[in-house]
Amino acid sequence: MKIQDVAKDSGCSISTVSRVLNNPDLVTPDTRERVLKSIEKLGYYPNEKAKSLSSKKQNVSLGLLIPDITTFYFGELYRGISRTAKNSGIDLILRDLDDEGPLQEQILDGMVSLKKHGVSGIIISSRVMTEEYDEVLNRLRIPIVLALSEHKKLKFSSFKTDDIKASFDAISYLVSRGHKHIGMVTSSPTEDKLVGEPRYQGFKNAIDFYRLPFKAKHVAVGNNFRYEGGYSAMTQLLETRETFPFSAVFCATDEMAFGAMRSLHDHNLKVPDDVSIIGFDNLSISNMITPKLTTVSQSFEKIGVESVNHLIKILEEPKMQMETGVFYMPHQIVERESVRTI
């Protein structure tokens, strides 16, 4: 039995169970009694080694480097990471990058700043980490894990979604609903190596696999992956509709999908009656708009949990050789209301 089992059985958080075991005076009598009953029922015995490690965590903090916490995308990831850190009794120090100055310099400054704050490890969620970061990464000499990112050269652990496979699956879903003319709304497929390139590649792989009509103009490019980028890209795509009667559009992100849907509305077209839309991310707001967005769900929660837990393992067993590389988290198609069957 693990402490997680006690938490589930008692209906309490892991941190509450931990307080009952280590600082019972801080817990209300009713809650304490409920936890103790679950402990007795399950036959749970606290692992002394784990308790020792837990006490050490009181002096441990992790750093998180995120480009823009105000975006839905990174906000969802932050929730998963912060919740896992809290349940593990570890402080989390967030460094949110602003829009001033080159992104590379901001990331480098952010890593150095977190190191100065005495963090024991850093989770970086940004663009693909290239050789330009290598000198600072090696000089920091602290464990680093990448979330929704990866490094092509250095041996880091990276937790993300297989964007190529997930995008292929999105087009497969549209094909299964009878769509044969499918466009794409994206941003910088040639410049953005982390999101733009792999999601375009997955789209193109599926188009070729199902032998669907394709021309370069079937992919419309906005200036970013957010709402305004989706709006402008869909407006561009609509200009091709006389020669390319697309019935469905794959959007590289949910935020772009929101903008694309608004553009269709402003052109007196309905979703999904006139054009079906599928997004990518499954942001919480995707279930709140009208029509509710069908989308590729990537597990921000799972990515956050695995990133934090991997860092904890490194800190607990510093001499152990940890497996590195890219670890793909599961994805799935979430069916809602924005795709119709032809």
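Below: a short report on this structure. (Residues numbered from 1 in each chain as written. Predicted model: local features only at pLDDT ≥ 70, side-chain atom pairs only at ≥ 80, totals over all residues. Heavy atoms only, no water.)

**Regarding the overall build of the protein chain**
And step 1. Scanning the protein chain from N- to C-terminus turns up 12 helices and 12 strands.
And step 2. The 342 residues of the protein chain split such that 50% are buried.
And step 3. Of all intrachain contacts in the protein chain linking residues separated by at least 6 positions in sequence, the fraction that spans at least 24 positions is 70%.
And step 4. Summed over all atoms, the accessible surface of the protein chain reaches about 17200 Å², with 49% contributed by carbon and sulfur. (Helix = DSSP H or I, 4+ residues; strand = E, 2+ residues; numbered from the N terminus. Buried < 20%, exposed > 50% of the residue type's maximum accessible area, 1.4 Å probe, protein only. Contact = heavy atoms within 4.5 Å. Areas by Shrake-Rupley, 256 points an atom, 1.4 Å probe, with all protein chains shown as cover.)

**Section: unusual backbone geometry**
And step 1. The omega angle of the peptide bond from Val-271 to Pro-272 is 5°, so this bond is cis rather than trans.
And step 2. The residue Pro-272 is located in the loop between helix H11 (254–266) and strand S9 (276–281) in this model.
And step 3. Here Thr-290 and Pro-291 are connected by a cis peptide whose omega angle stands at -5°.
And step 4. Its place among the elements puts Pro-291 in the loop between S9 and strand S10 (294–298).

**Some details on the nonpolar core**
And step 1. With 65 residues, the main nonpolar core has Met-234, Val-249 and Ile-277 as its most contacted residues.
And step 2. With six residues, H11 is the single largest residue contributor to this core.
And step 3. Once residues lying within four places of it in the same chain are set aside, the contact partners of Ile-277 are Met-234, Val-249, Cys-251, Ala-257, Met-261, Leu-264, Val-271, Leu-293, Thr-294, Ser-338 and Val-339.
And step 4. Counting residues in each nonpolar core, the second largest holds 16 residues, with Leu-97, Val-136, Leu-137 and Leu-146 among its members. (Core = buried A, V, L, I, M, F, W, Y, C linked by side-chain atoms within 4.5 Å.)

**A look at the packing of helix H8 (residues 163–176) against helix H9 (residues 196–209)**
And step 1. One way to put it is that H8 packs onto H9 with a least axis distance of 7 Å and a crossing angle of 45°. Judged by the inter-axis angle, H8 sits oblique to H9. As H8 runs across H9, the sense of the crossing is right-handed. Mapping the contact onto sequence places Asp-163, Ile-164, Ser-167, Phe-168 and Ile-171 in H8 and Pro-198, Arg-199, Gln-201, Gly-202, Phe-203, Asn-205, Ala-206, Ile-207 and Phe-209 in H9.
And step 2. Residues that form the contact of H8 with H9 fall into these classes: eight nonpolar, four polar and two charged. (Axes fitted to C-alpha atoms, helices over the stretch in contact; angles between N-to-C directions. Parallel < 35°, antiparallel > 145°, perpendicular 65-115°, else oblique. Left-handed = near helix turned anticlockwise from the far one by under 90°. Nonpolar A, V, L, I, M, F, W, Y, C, P; charged D, E, K, R; others polar.)

**Thoughts on the sheet that holds strand S5 (residues 157–161)**
And step 1. If you trace the six strands from one edge of the open sheet to the other, you get S2-S1-S3-S4-S5-S11, paired in parallel fashion. Looking at which strands have only one partner, the edges of the open sheet turn out to be strand S2 (91–96) and strand S11 (325–329). Averaged over all adjacent pairs, the angle separating strand axes in this sheet is 20°, with direction ignored.
And step 2. As judged from the six bridges shared by strand S1 (residues 61–66) and S2, these two strands associate in the parallel manner. By the bridge assignment for S2, Ser-61 is matched with Asp-91. (Pairing = 2+ DSSP bridges.)

**Let's talk about the packing of aromatic side chains**
And step 1. A full pass over the atoms with the stated rule returns six aromatic pairs.
And step 2. Centroid distance Phe-209 to Tyr-210: 4.9 Å. Interplanar angle 90°. Geometry classified as edge-to-face.
And step 3. Take Tyr-210: its relative accessible area is 29%, and that puts it in the partly exposed class.
And step 4. Taken together, the aromatic side chains of Phe-168, Phe-209 and Tyr-210 make up a single cluster linked through ring pairs.
And step 5. The residue whose ring lies beneath Arg-199 is Phe-280, and the NZ or CZ to ring-centre distance is 3.6 Å.
And step 6. Here Arg-241 stacks its cationic end above the ring of Phe-246, 5.2 Å away from the centre of that ring. (Phe/Tyr/Trp six-rings, centres within 6.5 Å; stacked < 30°, edge-to-face > 60°. Lys NZ or Arg CZ within 6 Å of the ring centre and 35° of its normal.)

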